[in-house]
Each structure stands twice: as C-alpha cells, then as structure tokens.
Amino acid sequence: MKVSELLLHPAECIALVQFKFVRKPLFSGVGAGRETADLARCRELLRLTSRSFAAVIMELHPELRDCVMLFYLVLRALDTVEDDMTIDDAVKVPLLRSFDEKLLLDDWSFDGNSPQEKDRCVLVEFPCILREFHKLRAEYRDVVVRITREMGNGMADYIEDEQFNREGIQTVAEYDRYCHYVAGLVGDGLTQLTVLAGFSSQELADNPQYFESMGLFLQKTNIIRDYREDLDDGRVFWPKAVWSKYTKEQDGTLAEFASLENTESGVFCINDLVLNALDHIEDVLTYLASVHEQSSFQFCAIPQVMAIATLALLCNNAAVLQGNVKIRKGTTCWLILRSRTFRGCVEIFEEYLREIRGKVPVRDPNYLKFNVRIGKIDQFIEELYQSNLPEGIQPRKTPIYLKVSERTKYDDKVAPTIQAEQQTIQWVLVTCGSLVAALIVGYLMKR
C-alpha cells in the first residue's frame, strides 16, 4: 500500500488503523476441539489459494465456516482443472462432467496439472478435503455436490462450444448465462447453505433472481475491469451485442478499443456495460436485507459494496482499456467497516451511484438511460426506509419496507460495537495528536 495514497485520503488511513488494530472478528477462525490435521491442512490450502477469501471465510459463524471453506476448495479444484490449458480436452471434459462424483469417494486425487499451475496442490491433496467434506451435514453436502455438478457441466459445455471459443460471447442473454455458470451458481450454493443454517430468509432460496443477481453483479464488474488482461490472453467476455455498437466498422473487433484513437468509443462501451450491471442492484439490496446472522451478512455484503465501488471507478475511465484498475486498499478497509450494517451498505450504494451519475458525460449515448436507471434505484432505496415522508404521513408497509424494518433490528445489535470502535479510534487520534503537538512544542522550545 502506498503511503502517499493514505496521506491523500486521511479517512482511509483512519479506516486502515481501525481495521487492523481496533476491529475484532465476530468469530475465531479455529473451532475448539475439532482441529484435525486434515482440517488444518484445508485451512492452509485456503490461504494458499486465496488470501482475501480466507480472511472472510475464517470469520464466519462456526456452523458454516468449515462448510463454506470446503465448498470454496472444491470449486477451486474444479476451476483449476478448467483453467489449465495443458490438460487435453479429451481428459478435461470428462473430468469436469464427473467431478461431482469424486465428492462421493473416500479417496481421490489428480496430478495431471502442469507443474506451473499455482493451485494444483488443491487437486493433489484432495483426499484431505474429501475426509473433512464427508463430516459435513448431509444437506450441506448435497448442496455442494449439486452446484459442483452444474458448474462442471457448464464449464464442459463452454469448452465444447466451438462458436464461443472462436467468437466469444455474442448476445446479452449469453453474457448473463456465462455469468450464471461462473458466479450465479456460487450465489445459489451459498444461499442454500445460509438458509439451511437458519441464517437467511427462506424467500432467498425460493427466488433465484436474488442470488443470481448477487453473482452476476460481481462477475459483470470483474469482466468489465479485466478487459485488457482478457484481451492479452485472447479471451472475449464482453458481449458482441454491446461492443459492436461502438466499433468503427460493422465487422470491427473488441481489440479496437485498446488503440488510443478509439478511446472515446471504448469508454462509451464501458459505460454501456456498467449500465447493464446496474440492473441487479435492487435484487442485491433485497438479498442483503434478508440475511439475518451477522457474520453471514458481512460475508455477503463485503463483495457487493466492493463491486459498486469498483463499478464507479470503471465508469467513464479510459485506463480500463490499457490495464487493470483497482480500488485502493484503504478504500477496501473503509468499505468493510461501513458495510457491517444494512443501512451502511445502502449509504455506500447511494454514494457510488451519485458518483457514477456525475461521471457520465452528456455526450455519452446512454446519458439519459443512466439518469433514468439511477433515478429508479433512488426510488427503490427511498422505499426501504421512507424516512423523508411529510409530517403526519405513515410509511407504506410494502414487502421491502417490512423486510428492512426486520433487518434494522440486527443492525441495532451491532451498533454498540461499531460505536465503541469509533470511540477507541477517536481516543487514539487525540492521543497521537497530543503527542505530536508536544514533540513540536518541545522542539521549538529547545531552539
């Protein structure tokens, strides 16, 4: 992390200190009495394959912590097979289609990855994952097996789809379908697990559009951000139905936007994709309002607030066409701290939606659509709390208003912890400020 960034953004500097030294996780990452050698190795595999996911998974409620960890490791193993281009399709496709069956075995591993494949250890050491997986509740195992089956077959379908491999994603419907297989299914699985654990409303399991939007909002943000990386790797995930509107010729290519003379067209295309991603926000907020257990709520909320912050950074940003852009680490700390309540999440979305609206220039072909779309989201957000009603007017008890009212009870429980942290960080700031002032006075007096 650059020191200059923190000095230019003092609020993020304070958030970093609070996150590192004041905030306390809701739960410890080690379960008392069941830290077997296999479980310890699974935790190590989690840290080796994803430092960021490891941190948030280890802070989950003990009921779901190990289950979600094993779910992640299984999908990481599946993804490691799919990603490795050194594995022949004659081996890869049958393995992807039957990967869910491996979860029913007592012992299975795979060492056919390239030695350079960084996550091959998950497949080589899969037996320790299996042994812990078999200890999970049967209904949890069923969810993981089903998602693995659907995702493995989806991956195999794309490998065998010659048009996709040759031309990439064509329509917006195909764009949504691809995002479903790589992210929507993950949202499906995690939702079923939290509902089974009693941590979320049954409504989430009964309404696929909610968990689908959770996955698609994240994946679409990643796809927009990764334009240059994917282009350099010869992959095309931006849908042709969108990017072809901005190329010079009817038979143009997505690579045109990397040329400086086509920067404006490329930026307009970015904005069009950002506009598409905004369609999922009402579902995302509805989903978050339906999660009651606090660690599960934070687990779900953090990626979503990071996505809206990233989307605002990507919007109208020509740098996306030349390289990978990311939000600052100080911003990440600030988002994690702010998103511990549903109201905090709503405020984050409001702030970044205002930023997006302000960044889209009048000359952008979708300028009016942006204003209409964000205006509708604003109306939806107003309905959540209905706090600006004229005197004497009672709130309309709509389903989302009642849902948010219920979620507010859980916000109220975490509020004292947040307030205590803020008081601590204020004391630290005052103390540090006093010490600095004393040092300066002492120095001046010596002169």
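In this text the structure is predicted, and so the values were computed from the model without any measurement.

Enquirer: Explain helix H9 (residues 126-133) here, please?
Expert: Each α-helix winds once per 3.6 residues, and so residues spaced three or four apart point in a common direction. In terms of burial, H9 is a largely internal element, seven of the eight residues being buried. Every buried residue of H9 is listed here: Phe-126, Pro-127, Cys-128, Ile-129, Leu-130, Glu-132 and Phe-133. Elements in contact with the buried residues of H9: helix H3 (37-49), helix H5 (62-83), helix H7 (99-102), helix H8 (120-124) and helix H10 (138-160).

Enquirer: Which parts of the structure should I look at to understand a nonpolar patch on the surface?
Expert: A cluster of nonpolar side chains, namely Val-436, Ile-440, Tyr-443 and Leu-444, defines an oily patch on the protein surface of about 410 Å² accessible area. Note on placement: Leu-444 falls in helix H23 (residues 399-446). The exposed category is assigned to Leu-444, whose relative accessible area is 52%.

Enquirer: I'm lost on helix H14 (residues 208-225) in this one. Help?
Expert: For H14, with 18 residues, the first-to-last C-alpha span of 26 Å sits near the 26 Å given by 1.5 Å per residue. Burial runs high along H14: 14 of the 18 residues are buried.

Enquirer: I keep staring at the UniProt feature "transmembrane region" (unreviewed entry) in the chain and nothing clicks. Help me out?
Expert: Following the UniProt record, one finds the feature "transmembrane region" (unreviewed entry) at residues 425-445. Taken end to end, residues 425-445 is 100% helix and 0% strand, and its first and last C-alpha atoms sit 30 Å apart.

Enquirer: Explain the domain arrangement of the chain to me, please; I cannot follow it from the model alone.
Expert: Its domain assignment divides the chain into domain 1 (36-160) and domain 2 (165-387 + 396-436). In this structure, domain 1 and domain 2 have C-alpha centres spaced 26 Å apart. Contacts between the two partners involve 24 residues from domain 1, matched on the other side by 21 residues from domain 2. Taken together, the two surfaces of domain 1 and domain 2 that pack against each other cover about 1900 Å², and 73% of this comes from carbon and sulfur. In terms of surface lost to domain 2, no three residues of domain 1 exceed Leu-64, Met-151 and Tyr-158, which account for 28% of the buried area on that side. For the salt bridge of Arg-146 with Asp-188, the shortest nitrogen-to-oxygen distance reads 3.1 Å. Linking domain 1 to domain 2 there are six residue pairs in polar contact (both at pLDDT 80 or more). Counting residues per element, the ones that place at least two in the side of domain 1 that touches domain 2 are helix H4 (51-57), H5 and H10. Of all the elements, H10 adds the most residues to the side of domain 1 that touches domain 2, at 12 residues. Taken together, the residues that form the side of domain 1 that touches domain 2 break down as 14 nonpolar, two polar and eight charged.

Here is what the cut-offs are and how they apply
- Every chain is numbered independently, its residues counted from 1 as its sequence is written.
- This being a predicted model, a pLDDT of at least 70 is required before a residue's local features are given, and a value of 80 or more before pairs of side-chain atoms are given or counted; all residues contribute to the totals for chains, interfaces and linings.
- Excluded from the side-chain calculations are hydrogens and water; all other atoms, namely the structure's heavy atoms, are used.
- Working definition: with a 1.4 Å probe on protein chains only, accessible area under 20% of the residue-type maximum means buried, over 50% means exposed, and in between means partly exposed.
- Only runs of H or I of at least four residues qualify as helices and only runs of E of at least two qualify as strands under DSSP, and these elements are numbered from the N terminus.
- Contact criterion: two residues are considered in contact whenever any of their non-hydrogen atoms come within 4.5 Å of each other.
- Each patch is assembled from residues with relative accessible area greater than 30% and no salt bridge, linking like charges that lie within 9 Å and nonpolar side chains (Val, Leu, Ile, Met, Phe, Trp, Tyr) that lie within 5 Å.
- To measure how exposed things are, a 1.4 Å probe is used in the Shrake-Rupley method; for residues, cover is taken only from the protein chains shown.
- Only one rule defines a salt bridge in this text: a Lys or Arg side-chain nitrogen within 4 Å of an Asp or Glu carboxyl oxygen.
- For a helix, the expected span equals 1.5 Å multiplied by the number of residues minus one.
- UniProt positions are given in the numbering used here, feature names are shortened, and annotations may be inferred rather than shown by experiment.
- For the domain bounds, the source is a domain assignment made automatically or taken from a database.
- In this description, buried area is defined as the sum, over both parts, of the accessible area (probe of 1.4 Å) that is lost when the two are combined.
- Polar contact is defined as a pair of N or O atoms within 3.5 Å, subject to the rule that within protein one atom must be able to donate a hydrogen and the other to accept it, and that residues adjacent in sequence are counted only when both atoms are side-chain atoms.
- Under the grouping applied here, Gly and all other residues not named as nonpolar or charged are polar, the nonpolar ones being Ala, Val, Leu, Ile, Met, Phe, Trp, Tyr, Cys and Pro and the charged ones Asp, Glu, Lys and Arg.

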